[in-house]
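Observations on chain architecture
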Amino acid sequence: MKKFIVDFGRGLIDISAWVVLAGIIVSGIIMLFANPFAGIITLLAGLIGFIAFYYLIYLFIDIRDLLQEIVQKHNMQ
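Cut-offs used in this document
- Residues numbered from 1 in each chain as written.
- Predicted model: local features only at pLDDT ≥ 70, side-chain atom pairs only at ≥ 80, totals over all residues.
- Heavy atoms only, no water.
- Core = buried A, V, L, I, M, F, W, Y, C linked by side-chain atoms within 4.5 Å.
- Buried < 20%, exposed > 50% of the residue type's maximum accessible area, 1.4 Å probe, protein only.
- Helix = DSSP H or I, 4+ residues; strand = E, 2+ residues; numbered from the N terminus.
- Contact = heavy atoms within 4.5 Å.
- Salt bridge = Lys/Arg side-chain N within 4 Å of Asp/Glu carboxyl O.
- Expected span 1.5 Å × (residues − 1).

1. Considering the nonpolar core
Nonpolar side chains in soluble globular proteins generally cluster together in the buried interior. By size, the foremost hydrophobic cluster in this structure holds eight residues: Ile-13, Ala-17, Leu-21, Ile-24, Phe-50, Tyr-54, Ile-57 and Ile-61. Mapped by element, the contributors of at least two residues to this core are α1 (2–34) and α2 (36–76). Beyond its immediate stretch of four places on either side in the chain, Ile-24 contacts Thr-42, Leu-43, Gly-46, Leu-47 and Phe-50.

Here you go:
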């Protein structure tokens, strides 16, 4: 099960990132028509939160990959 999650995890994260980004943009545009100030705040806060959250997720994935490379190099020696 762990291998399944690791193998397909990146794809799921990518898909969820696109869905969340589309949701932020759509909700921000809808809010722009209802209340322009709230729409701008929704877009700014949503995009900042989106970038921060997914940056951390991809950072953890990158750290995991680098640690695997280090372990493989150490085991070869």
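2. Quick notes on the pattern of salt bridges
Applying the stated criterion to the full structure yields two salt bridges. Arg-10 serves as the salt-bridge partner of Asp-65, at 2.0 Å between the closest nitrogen and oxygen. With Asp-65 in helix α2 and Arg-10 in helix α1, the pair connects residues that are 55 residues apart, well separated along the chain. With a shortest N-O distance of 3.6 Å, Asp-65 and Arg-64 are connected by a salt bridge. Residue class for Arg-64 comes out partly exposed when judged on its relative accessible area of 35%. Look at the salt bridges and you will find they share partners, linking Arg-10, Arg-64 and Asp-65 into a network.

3. Things to note about α2
End to end, α2 covers 60 Å across 41 residues, agreeing with the expected 60 Å (1.5 Å per residue, within 8%). Among all positions in α2, only Ala-38, Gly-39, Gly-46, Phe-50, Tyr-54, Ile-57, Ile-61 and Asp-65 are buried.

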